[in-house]
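# Descriptive structure summary
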Amino acid sequence: MNRFFTIFYIMKYLLFCLILSACNSQPGNTVPSLSSSNAKNYAPVSDSIVPAQYDAAGKLIRFEKTDAAWKSILSEQEYAVLRHSDTERAFTGDLWDNHEKGIYTCAGCGLPLFSSETKFNSGTGWPSFFQPIKPEYIHVSTDTKYGMVRDEVSCARCGGHQGHVFDDGPQPTGLRYCINSVSLNFVKN
Ligand SMILES: [Zn+2]
């Protein structure tokens with residue numbers, strides 16, 4: 001009798017595992033549960049500008065994807081930085097020393113976040129800007145990781161982590177948006 005129950009429970013466990021693995025192997029582009037009423041599912045990661053769109057109430061329409069979907073379309077480093085707030089090593093990115101004229105877009109959704117007109121050499125090894133293209137394109141929140149209190153900067157449309165903002169930047173704003181190269185794409189003018 002005991003043996004029967006042992007086999008029964010093993011079978012039940014295996015069935016449970018099978019169901020779990022089936023759930024996890026769903027394709028990445030399944031429709032996520034949307035946290036924002038005006039959010040919509042968004043397909044491509046773009047290396048060109050994808051202009052902001054607004055709903056009838058004038059709110060920026062957000063792009064949302066499941067974590068699995070982001071993982072399937074971003075590179076390993078983009079995923080770590082954009083979706084899990086990792087930081088690239090200083091002086092390793094491809095944009096900190098870029099002096100061309102153009103627009104820096106979110107590497108996750110193509111929203112134009114910064115212009116070369118507001119980029120400056122901060123000496124930090126990360127692309128640095130004194131203001132975003134529009135304040136509403138940037139979301140600033142408090143980050144208390146590593147025992148520090150910092151203002152974290154993310155893309156207001158897809159929520160992708162960009163970097164941090166500090167108050168030791170140049171005029172006219174006095175701000176320094178310290179951004180990961182990997183969070184940005186550059187679109188030359
Ligand atoms: Zn974005």
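Residues numbered from 1 in each chain as written. Predicted model: local features only at pLDDT ≥ 70, side-chain atom pairs only at ≥ 80, totals over all residues.

### Overview of the overall build of the chain
- In terms of helices and strands, the chain carries 3 helices and 11 strands.
- For the chain, the α and β elements follow one another from N to C terminus as α-β-β-α-α-β-β-β-β-β-β-β-β-β.
- Per-residue burial over the chain gives 31% buried out of 189 residues.
- Long-range contacts, defined as pairs at least 24 residues apart, comprise 58% of the intrachain contacts of the chain with a sequence gap of at least 6. (Helix = DSSP H or I, 4+ residues; strand = E, 2+ residues; numbered from the N terminus. Buried ≥ 20, exposed ≤ 12 C-beta atoms within 10 Å, placed from the backbone. Contact = placed C-beta atoms within 7 Å.)

### Things to note about the pairing of strand β4 (residues 112-115)
- In terms of strand pairing, strand β3 (residues 102-106) meets β4 through 3 bridges, oriented antiparallel. What sits directly across from Ile103, in β4, is Ser115.
- As consecutive antiparallel partners, β3 and β4 are separated by 5 residues, and within that stretch Gly110 has a phi angle of approximately 85°, a positive value. (Pairing = 2+ DSSP bridges.)

### Regarding unusual backbone geometry
- The linkage connecting Gln171 with the following residue, Pro172, adopts the cis geometry, with an omega of 15°.
- With respect to the helices and strands, the residue Pro172 is situated in the loop between β9 (161-166) and β10 (176-179).
- Located in the positive-phi region is Ser85, a residue other than glycine, with phi close to 55°.
- Residue position: Ser85 is located in the loop between α3 (76-84) and β3.
- Using a count of 17 C-beta atoms within 10 Å as the deciding quantity, one classes Ser85 as partly exposed.

### Topic: the nonpolar core
- Within the largest apolar cluster, 29 residues are counted, with the highest numbers of intra-cluster contacts made by Cys106, Cys109, Leu113, Cys155, Tyr177 and Ile179.
- Of all the elements in the fold, those that place two or more residues in this core are α2 (67-73), α3, β3, β4, β8 (150-155) and β10.
- Among the elements that take part in this core, β10 stands out by supplying 3 residues, more than any other.
- Excluding residues within four positions of it along the chain, Leu113 makes contact with Tyr104, Thr105, Cys106, Pro132, Ile133, Tyr137, Ile138, Cys155 and Gln162. (Core = buried A, V, L, I, M, F, W, Y, C linked by C-beta atoms within 7 Å.)

### What about the sheet that holds β3?
- Across the sheet, 3 strands lie side by side as β4-β3-β11; this open sheet has antiparallel pairing. Only two strands of the sheet have a single neighbouring strand rather than two, namely β4 and β11 (184-188). Geometrically, the sheet is characterised by an average inter-axis angle of 30° between neighbouring strands, direction not taken into account. (Axes fitted to C-alpha atoms, helices over the stretch in contact; angles between N-to-C directions.)

### Comments concerning the sheet that holds β8
- An order of β5-β6-β10-β9-β8-β7 is seen for the 6 strands of this open sheet, with the pairing classed as antiparallel. Looking at which strands have only one partner, the edges of the open sheet turn out to be β5 (119-120) and β7 (138-143).
- Sheet analysis places β8 next to β9, joined by 4 bridges and oriented antiparallel. Within β9, the residue paired with Val153 across the bridge is Gly163.

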